[in-house]
Amino acid sequence: MVNPMNAVNDNPWIAEEAEAADAAAAANTAAAAGEEAAKPGKIKIEREQIKLEKRLCREVGKAILDFNMIEEGDKIMVCMSGGKDSYTLLDILRKLQKRAPVKFDIVAVNLDQKQPGFPEHILPEYFESIGVDYHIENQDTYSVVKRVVPEGKTTCGLCSRLRRAILYKVADQLGCTKVALGHHRDDIVQTMMLNMFYGGRMKGMPPKLVSDDGKHVVIRPLCYVPEKDTARWAQYQNFPIIPCNLCGSQDGLQRVAIGEMLREWEKKFPGRIESMFRAMGNIVTTHMMDPQLHDFKGAKATGIADPNGDMAFDHEELPAMAALPGGMQVVQLS
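Because the structure is predicted, anything quoted here is derived from the model rather than measured.

### Some remarks on unusual backbone geometry
- Positive phi outside glycine occurs at Asn68, with the angle close to 50°.
- With respect to the helices, strands and loops of the structure, Asn68 is situated in the loop between α2 (40–66) and β1 (75–79).
- For Asn68, a relative accessible area of 38% gives the class partly exposed.

Take a look at the structure:
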């Protein structure tokens, strides 16, 4: 994976967007300077908003280029849940669409699963207010899940499978070539940790993949974007957020626990999540333990120097850390 922190000056997805953001920032600064009555706090917020918009466009544009997510003539189905991440995804893709090097269409799709209390008017009103093509799919999966899953058991697994199947069907009906999901960088790291802790495997969320039925290409344009940025952008844009707990989602879910753990690590050791994310794109298969990725049985001494060979008796140089997470300590063994 290409390092998302590396600057890309020739990315056609972000060049014009960056210039537009810079121009807007300059104009905003000049206007603010000419208003003697302007409040300093308001000016600061406006500047931060422009910087955040530029950063979001750059990160999404870079992900699109790195993984060839969007191509000429694509019709992108943007899955909308009503949460901060899907709103941000739709908003940034529409901004990039105006300056993209390829022509593509967008249709916003919401699956109304008939959860009690779901405000079904919010998303259609928002879509109409911004002038985006949209489709609302009405399917009562809520009743199905409640009927099948025993009381007190986690409903997310079955709900997710039903939702995925319905959205793929809708993508076919609408003639969509790509299905865009709003998973961000933190979601991807959380998924890797969940699989490690509970599934015993190294597996995360890929930025682009072919669906399990082999008929659809799923993309995650927010894969380089930290959750804090989608939260701040949603706040700036005042998106009409729909609560995510309408289905009665349990507080003790494993994903919630992992998310809380990662946020606590990030507070104590800033940069921890970014480092873990980079590691997912920097895998040394010869130094893992999967025989399907490396022929360990066939490994033999050849007498030829190999810079990738094991340095079993050397201590690998790692950046110094102030402390280890979770009260862990380093103990010197004699």
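### Side note on helix α4 (residues 122–130)
- Listed as buried for α4 are Ile122, Leu123, Pro124, Tyr126 and Phe127.
- Summarising the contacts, the buried residues of α4 are in contact with α3 (84–97), β2 (105–112) and β3 (134–138).
- Count one or two residues on from α4 and you reach Gly131, which has phi positive near 75°.

### Concerning the packing of helix α9 (residues 254–268) against helix α10 (residues 272–279)
- The interhelical angle for the contact between α9 and α10, taken along N-to-C directions, is 115°, at an axis separation of 8 Å. Facing α9, whose interface residues are Leu262, Trp265 and Glu266, α10 presents Arg272, Ile273 and Met276.
- Grouping the constituent residues of the contact of α9 with α10 by class yields four nonpolar, no polar and two charged.

### Side note on the nonpolar core
- By size, the foremost hydrophobic cluster in this structure holds 53 residues, and its most contacted members are Ile70, Val78 and Leu90.
- Look past the residues within four positions of Val78 in its chain and what remains in contact with it is Leu89, Leu90, Leu93, Ile106, Val107, Ala108, Val109 and Ala180.
- Cys79, Ile166, Ala171 and Cys176 belong to the second largest nonpolar core, which has 14 residues in total.

### Quick word on empty space enclosed by the protein
- Enumeration over the complete set of coordinates arrives at one cavity of 30 Å³ or more.
- In this model, the largest cavity occupies a volume close to 40 Å³.
- Forming the walls of the largest cavity are Asp186, Gln190, Glu227, Gly259, Leu262, Arg263 and Ile273.
- Among the elements that line the lining of the largest cavity, the one with the most residues is α9, at three residues.
- A breakdown of the residues in the lining of the largest cavity according to their chemical character gives two nonpolar, two polar and three charged.

### What about the UniProt feature "short sequence motif: PP-loop motif" (unreviewed entry) in the chain?
- UniProt records the feature "short sequence motif: PP-loop motif" (unreviewed entry) at residues 81–86, using the numbering of this structure.
- Along residues 81–86 the backbone is 50% helical and 0% strand, and the end-to-end C-alpha distance reaches 6 Å.

### Considering the state of the cysteines
- Going through the model one piece at a time under the given rule, you end up with zero disulfides.
- Just so you know, Cys176 is unpaired, no disulfide at all, and the nearest cysteine sulfur is the one on Cys79, 8.8 Å from it.
- Residue classification places Cys176 among the buried positions, given a relative accessible area of 11%.

### A word on the sheet that holds β2
- Read across the sheet, six strands follow the order β3-β2-β1-β4-β6-β5 without closing on themselves; strand pairing throughout is mixed. This sheet does not close on itself; its edge strands, each paired only once, are β3 and β5 (208–210). Averaged over all pairs of adjacent strands, the angle between their axes in this sheet comes to 25°, without regard to strand direction.
- Alignment of β1 against β2, held across five bridges, turns out to be parallel. By the bridge assignment, Cys79 is partnered in β2 with Val109.
- This element, α4, spans β2 and β3 of the sheet and lies at about 170° to β3.
- Contacting β1, β2, β3, β4 (178–180) and β6 (217–219), helix α6 (residues 156–174) crosses the sheet at an angle of about 140° to β2.

### Focus on the packing of aromatic side chains
- Overall, the coordinates contain eight aromatic pairs when judged by the stated rule.
- On the numbers, 6.1 Å between centres and 55° between planes, the contact of Phe67 with Tyr224 is tilted. Note that Phe67 is positioned in the loop between α2 and β1 and Tyr224 in the loop between β6 and α8 (227–237), a separation of 157 residues in sequence.
- Relative accessible area serves as the criterion here: at 19%, Phe67 is assigned to the buried category.

The rules behind the values
- Residues numbered from 1 in each chain as written.
- Predicted model: local features only at pLDDT ≥ 70, side-chain atom pairs only at ≥ 80, totals over all residues.
- Heavy atoms only, no water.
- Helix = DSSP H or I, 4+ residues; strand = E, 2+ residues; numbered from the N terminus.
- Buried < 20%, exposed > 50% of the residue type's maximum accessible area, 1.4 Å probe, protein only.
- Contact = heavy atoms within 4.5 Å.
- Axes fitted to C-alpha atoms, helices over the stretch in contact; angles between N-to-C directions.
- Nonpolar A, V, L, I, M, F, W, Y, C, P; charged D, E, K, R; others polar.
- Core = buried A, V, L, I, M, F, W, Y, C linked by side-chain atoms within 4.5 Å.
- 1 Å grid on protein atoms, 1.4 Å probe; cavity = no way out; pocket = protein on both sides within 12 Å on 5 of 7 lines; lining within 4 Å.
- Points joined across faces, edges and corners; volume = space filled by probe spheres on them.
- UniProt positions renumbered as here; feature names shortened; annotations may be inferred.
- Disulfide = S-S within 2.5 Å.
- Pairing = 2+ DSSP bridges.
- Phe/Tyr/Trp six-rings, centres within 6.5 Å; stacked < 30°, edge-to-face > 60°.

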